[in-house]
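# Remarks on the overall topology
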Amino acid sequence: MPWVVSNITLPDAGIHGQLGELNFSALPFLAYIDLHNNSLHGALPASISSLSVLLELNLEQNQHTGEIPCQSLSGLLPQEIGHLTSLVKLGLSNNTISGPLPEHICSRRRLQFLGISNNMFNGLIPKSLKTCTSLVEIDLQRNQLTGDLSQHFGVYPQLKGMRLASNRLSGKISPNLAACTQLTVLLLSQNMITGSIPPVLSKLSNLEELTLDSNHLSGEIPPEIGTLGNLYILNLSSNKLSGSIPIQIQKLSNLGYLDISGNRLGGLIPEELGGCMKLQSLKMNDNNFRGSLPGAIGNLAGLQIMLDVSKNNLSGVLPQQLGKLEMLEFLNLSHNQFRGSIPSSFSTMLSLSTVDVSYNDLEGPIPTTWLLQNASPSWFIPNKGMCGYLYGLPPCYSTPVAGHHKRKTLDLLLPIVMVAVFCIVVIIMLSRNKRKPQESVNVEGRDLFSVWNFDGRLAFDDIVRATDDFNDKYIVGRGGYGKVYKAQLQDGQIVAVKKLHQSEEQFNDDRRFHNEMEILSQIRQRSIVKMYGFCSHSAYKFLVYDYIQHGSLHVTLENDEVAKELDWQKRIALANDVAQAISYLHHECSPPIIHRDITSNNILLDTTFKAFVSDFGTARILKPDSSNWTELAGTYGYIAPELAYTFVVTEKCDVYSFGVVALELVMGKHPRDLLNGMSSVEQAMLVKDILDQRPTPPTTTENKSLALLIKLAFSCLESSPLARPTMQEAYQTLIQ
């Protein structure tokens, strides 16, 4: 008599071996098989077809990492799997299965969830999928599937997500999709789809993500797209679209990401685009837009990640209103015909980390605030006549000096100008060349250091004076490789100075110092601590930062009185800020930067409890030509589990650490006990069961946000890196 076993649920169980060795025919009553995230490999056994009552089969992410060569489920998918007439869910994503999909994969129209992404499936889409009206989610991304999009897919009244990106699908977008009224996600990018964007897609009123990029679409953007009021991501880039931007786009009030780059769009950029008030990223580059850049773009107060209008035919003067984009980090206006000077209002754009105005007809001075952000000369040349104290540009002279005073004044100014220019050139060379920095340069018998304050003067003497030659009474913190001093400069600015220890482990400390110096000199984001300069010399090695008054999150949570002040609204905002900063490092820096030590000790808080990520001594740049193997780094209790045996650093290591910090923020202490025994029981706990009791109880709205944060934290703590979200996804989850 066969065993009466209905369930095999062993995810994350560390099971090794050939899947083909399992004999499912001995277990005919199986209804659920969940073996995802193990180390099974080989082909699926044909005996699986004997499971006539099977409802769910989940074999996703069966990949082994580390020194042992990567193994995964491979080979062909048995055609017999189409005989599983009761199957409701089939999950085979993240393996190396090849061959065609079974022809009768949904012959009984019961299949609801089909996930086979990140495999090597090829061949035509099975005919049975066209009539599979039971489908709720279908994910076929990143395979080699072929077929005509309009011929092989039908009407799915319950479908919420259709992910077909990165295949070889052709044909046109079928108007039948308009009948899938429950759709929230439609991803068709990176295929070979032709024709136009059908206006009937406007009937998908629940649609939140629409990606059609990297196809062969032509025609105009239909004005009906303005009816998709829930749309958050719209990517139409890298096609052959023509015409102008429809003014109806202003109705997309929830749009956060818009990418129409790499098309043949033209005409004027409509003022109505300024109505998309929630935009965070706007890419319009590589098109044929003409006329001036509308001042209404300055109304996009939430625009933070990117504004790219490069490689168009835009002209006229730059609008003063752009200066209102105070959160913007990346601005590219290059390869146009803009004239006049950079507006004075641009000096308020303090979050800019990259600004490119090259290949225009601009003239006049570079805003000094940009000058201090390690600007590259390539961002400003060639232009008609730009000036500034930047290598490759002529200096600016504000007003003529009359009579004999002119020569005298120039004689006084020239040494100051030369010193300031030299300092800036040193910084640029260090940040661009990615080599071990020069120790120091001797000028007239004294050392010249790469540390400056806001007016360009050398600040080394100022820092030594402000700390009384680094007297212990100015210490505000101690780290693993140095002490942190509080210093008030002569101009009133208060800075933090991290001075390196002179220790036996000088080599490792030097490496951390140079690592932090290199990375922080290249990046700028509002929730990452600012570095103003550094000194690298045999007698002194220190870095100069913005002074963050309140200390670390760890210290704050340890103090009962201060922890009460850190209310739930502030904690939720703090989590958002940290997620945004890490997302910036991973997704907006090229190459990506991995922090590797995201902890509550390395998150600093100002007097309003705004968060700043600090301490980049162990950070790692993910270089494309490197294996990214590394020694174990980080803080115990925050290190991703896979680092203990793979020593391969990825973005998902930071994601895990963020999950720990998020729970620590909610609980008011390190979630050590929760992590040690984490299971579905803990994840099902009510929010109130783990909340820090010191702040005032959360409101209903805050309770919902906290529930979302806790759920996200657990997803970040998945043992499999592949199962964790990216930090970009995590940040988007928090702000939706």
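Structure's up top.
Residues numbered from 1 in each chain as written. Predicted model: local features only at pLDDT ≥ 70, side-chain atom pairs only at ≥ 80, totals over all residues. Heavy atoms only, no water.

Spatial strand order, E21-E23-E25-E27-E29-E30: six strands in an open sheet with parallel pairing. What marks the edges here is a single partner per strand, and that holds for strand E21 (266–268) and strand E30 (385–387). With strand direction ignored, the average angle separating the axes of adjacent strands in the sheet is 25°. Pairing of E21 with strand E23 (residues 288–291) involves three bridges; the strand directions are parallel. Along E23, the bridge assignment pairs Leu 268 with Arg 290. (Pairing = 2+ DSSP bridges. Helix = DSSP H or I, 4+ residues; strand = E, 2+ residues; numbered from the N terminus. Axes fitted to C-alpha atoms, helices over the stretch in contact; angles between N-to-C directions.)

Here we take up the packing of helix H14 (residues 700–716) against helix H15 (residues 727–735). In the contact formed by H14 and H15, the axes pass within 10 Å of each other and the chain directions differ by 165°. The pairing of H14 with H15 is recorded here as roughly antiparallel in orientation. The crossing of H14 and H15 is right-handed. On H15, the residues touching Leu 708, Leu 709 and Leu 712 of H14 are Ala 730, Thr 733 and Leu 734. The residue inventory of the contact of H14 with H15, partitioned by class, reads five nonpolar, one polar and no charged. (Parallel < 35°, antiparallel > 145°, perpendicular 65-115°, else oblique. Left-handed = near helix turned anticlockwise from the far one by under 90°. Contact = heavy atoms within 4.5 Å. Nonpolar A, V, L, I, M, F, W, Y, C, P; charged D, E, K, R; others polar.)

Given 3.6 residues per helical turn, the α-helix brings residues three or four places apart onto the same face. Given a rise of 1.5 Å per residue, 17 residues ought to cover 24 Å, and the 24 Å separating the end C-alpha atoms of H14 matches this to within 8%. For H14, the set of buried residues is Glu 702, Leu 706, Leu 709, Ile 710, Leu 712, Ala 713, Phe 714 and Cys 716. (Expected span 1.5 Å × (residues − 1). Buried < 20%, exposed > 50% of the residue type's maximum accessible area, 1.4 Å probe, protein only.)

The subject of this paragraph is the pairing of strand E35 (residues 494–500). The buried count for E35 comes to six of seven residues, which makes it a mostly enclosed element. Two strands pair when backbone bridges link them, and strand E34 (residues 482–488) and E35 are joined in this way by seven bridges, in the antiparallel orientation. Note on E35: the bridge partner recorded for Val 484 is Lys 498. Summarising the sheet, E35 and strand E37 (residues 541–546) pair through five bridges and their orientation is antiparallel.

Next up on the list: helix H10 (residues 651–667). With 17 residues, H10 should cover 24 Å at 1.5 Å per step; its first-to-last C-alpha distance of 25 Å lies within 8% of that length. In terms of burial, H10 is largely enclosed, as 16 of its 17 residues are buried. Positive backbone phi, approximately 80°, marks Gly 668, located one or two places after H10.

Further remarks concern the side chain of Asp 308. Within the secondary structure layout, Asp 308 lies in strand E24 (residues 306–308). Buried charge Asp 308 goes without a salt bridge, the closest partner of opposite sign being Lys 283 at 5.3 Å. (Lys, Arg positive; Asp, Glu negative; His and termini not counted. Salt bridge = Lys/Arg side-chain N within 4 Å of Asp/Glu carboxyl O.)

Residue Ile 381 is joined to Pro 382 through a cis peptide bond whose omega torsion reads -5°. In this structure, Phe 470 takes a positive phi of about 60° despite not being glycine. Position of Phe 470 relative to the elements: it lies in the loop between helix H4 (460–466) and strand E33 (475–479).

Where helix H8 (residues 568–588) meets H14, the axes come as close as 10 Å, and the angle between the chain directions of the two elements is 35°. Here H8 and H14 pass one another in a crossing that is left-handed. Between H8 and H14, the residues in contact are Trp 568, Gln 569, Ile 572 and Ala 575 and Glu 702, Ser 705, Leu 706 and Leu 709, respectively. Here the contact of H8 with H14 is composed, by residue class, of five nonpolar, two polar and one charged.

Our focus in this paragraph is the environment of Ser 552. Inspection of the secondary structure puts Ser 552 in the loop between E37 and helix H6 (553–558). With relative accessibility at 8%, the residue Ser 552 sits in the buried group. Residues in contact with Ser 552, not counting those within four places in the same chain, are Ser 600, Asn 601, Ile 603 and Leu 604. Separated by 3.1 Å, the side chain of Ser 552 and the backbone nitrogen of Val 555 make a polar contact. (Polar contact = N/O pair within 3.5 Å; in protein donor to acceptor, adjacent residues only side chain to side chain.)

Moving on: the packing of aromatic side chains. Under the criterion given, the structure shown has four aromatic pairs. Its guanidinium or amino end placed over the ring of Phe 470, Lys 499 lies 5.5 Å from that ring's centre, counting from NZ or CZ. Over the ring of Trp 568 we find Arg 571; its NZ or CZ atom is 4.8 Å from the centre of that ring. (Phe/Tyr/Trp six-rings, centres within 6.5 Å; stacked < 30°, edge-to-face > 60°. Lys NZ or Arg CZ within 6 Å of the ring centre and 35° of its normal.)

Counting residues in hydrophobic clusters, the biggest one holds 86 residues, and the most contacted among them are Leu 114, Met 162, Leu 282 and Leu 307. Sequence-distant contacts of Leu 282, defined by excluding residues within four places in its chain, comprise Leu 258, Leu 273, Ile 297, Leu 300, Leu 303, Met 306, Leu 307 and Asp 308. The next biggest cluster of nonpolar side chains, apart from the first, holds 70 residues, and it includes Val 613, Ala 640, Val 655 and Phe 658. (Core = buried A, V, L, I, M, F, W, Y, C linked by side-chain atoms within 4.5 Å.)

Moving on, we get to the environment of Gly 385. Following the sequence through the fold, Gly 385 ends up in strand E30. Separated by 24 residues in sequence, Gly 385 and Asp 361 have C-alpha atoms that sit 7.8 Å apart. What Gly 385 contacts, discounting residues up to four positions off in sequence, is Leu 362, Glu 363 and Gly 364.

Everything listed here is a matter of coordinates, which is why it stays silent on function.
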